[in-house]
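# Geometric and topological summary
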Amino acid sequence: MRKHSPRLALAAFLPFLTAACGTPPAPGSSSPSPPPATTSSPAATASGPVAGVDRAAQAYVDAVNAGDLDALVASFAPDAEIIDVSRSIQGHDAIRQWAGNEVIGGTLRVLSIAERRADGQKLLVHWAPGGSGGWRAHYDFTIGGGRIVKADLQYA
């Protein structure tokens, strides 16, 4: 039986990964891959906004869907941090670069509020990077001074 090279397997997988996520992982990266794309369900196709979403979190959602990079960055405090699965992105410059490369061009729908706290809320969302069917995720926003100070983005 012929053995297949791990590099060959990775090379064959990269075009799929790029299409699904928008950005290939760095060589040697251990970033987990996204869950399989979700299919339509009543919650995922429900129309209209979810009542009670914090203004700063809603500003982020609206900016993503409008493709407005400036508004997306403005929804965060200047020294805010984003945890994107296992990566830390901190400050407006890094957030602008991350969002420009990986977020703008996708669609984001709030499905429900999973948790409410005095300093923010965790949302169940459907995130679909450009050209993909997307998947469900939990976006946990910590809010301070009317802006996002921390966003923890994890697969649901």
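Here is a short report on the structure shown in this document. (Residues numbered from 1 in each chain as written. Predicted model: local features only at pLDDT ≥ 70, side-chain atom pairs only at ≥ 80, totals over all residues. Heavy atoms only, no water.)

## What about the overall build of the chain?
- A tally of regular secondary structure across the chain gives five helices and six strands.
- Tracing the chain from N to C terminus, the helices and strands come up as α-α-α-α-β-β-α-β-β-β-β.
- Going through the 156 residues of the chain one by one, you find that 34% of them count as buried.
- Look at the contacts in the chain between residues 6 or more apart in sequence, and 50% of them connect residues 24 or more apart.
- About 8,900 Å² of surface is accessible on the chain, with carbon and sulfur atoms providing 55% of the total. (Helix = DSSP H or I, 4+ residues; strand = E, 2+ residues; numbered from the N terminus. Buried < 20%, exposed > 50% of the residue type's maximum accessible area, 1.4 Å probe, protein only. Contact = heavy atoms within 4.5 Å. Areas by Shrake-Rupley, 256 points an atom, 1.4 Å probe, with all protein chains shown as cover.)

## Describing the environment of His138
- Turning to its location among the elements, His138 is positioned in strand S5 (residues 135-144).
- Sequence separation between His138 and Leu124 is 14 residues, and the spatial gap between their C-alpha atoms is 4.7 Å.
- Leave out the neighbours within four places in its chain, and His138 touches Ala114, Lys122, Leu123, Leu124, Asp152, Leu153, Gln154, Tyr155 and Ala156.

## Section: helix H3 (residues 55-66)
- With twelve residues, H3 extends 16 Å from end C-alpha to end C-alpha; this agrees with the ideal 16 Å at 1.5 Å per step.
- The complete set of buried residues in H3 reads Ala56, Ala57, Tyr60, Val61, Ala63 and Val64. Along the long axis of H3, the arc covered by the buried residues comes to 165 degrees, so they all point the same way. Seen from the buried face of H3, the exposed residues on the opposite side, beyond 90 degrees, are Arg55 and Ala66.
- Structurally, the start of H3 carries an N-cap: the backbone nitrogen of Ala56 is 2.8 Å from a side-chain oxygen of Asp54. (Expected span 1.5 Å × (residues − 1). Arc of directions from axis to C-beta. Polar contact = N/O pair within 3.5 Å; in protein donor to acceptor, adjacent residues only side chain to side chain.)

## Some thoughts on the packing of aromatic side chains
- Tallied over the entire structure, the rule returns five aromatic pairs.
- Ring-pair connections join several aromatic residues into one group, and the members of that group are Tyr60, Phe76, Tyr139 and Phe141. (Phe/Tyr/Trp six-rings, centres within 6.5 Å; stacked < 30°, edge-to-face > 60°.)

## Digging into the nonpolar core
- Counting residues in each nonpolar core, the largest one holds 32 residues, and the members touching the most others are Tyr60, Leu72, Phe76, Tyr139 and Phe141.
- Of all the elements in the fold, those that place two or more residues in this core are H3, helix H4 (69-74), strand S1 (76-84), helix H5 (92-102), strand S3 (107-117), strand S4 (120-128), S5 and strand S6 (147-155).
- If you tally residues by element for this core, the top one is H3, at six residues.
- Tyr139 has contacts with Tyr60, Leu108, Gln121, Lys122, Leu123, Val125, Trp127, Asp152 and Leu153, leaving out every residue within four places of it along the chain. (Core = buried A, V, L, I, M, F, W, Y, C linked by side-chain atoms within 4.5 Å.)

These figures capture arrangement, not role.
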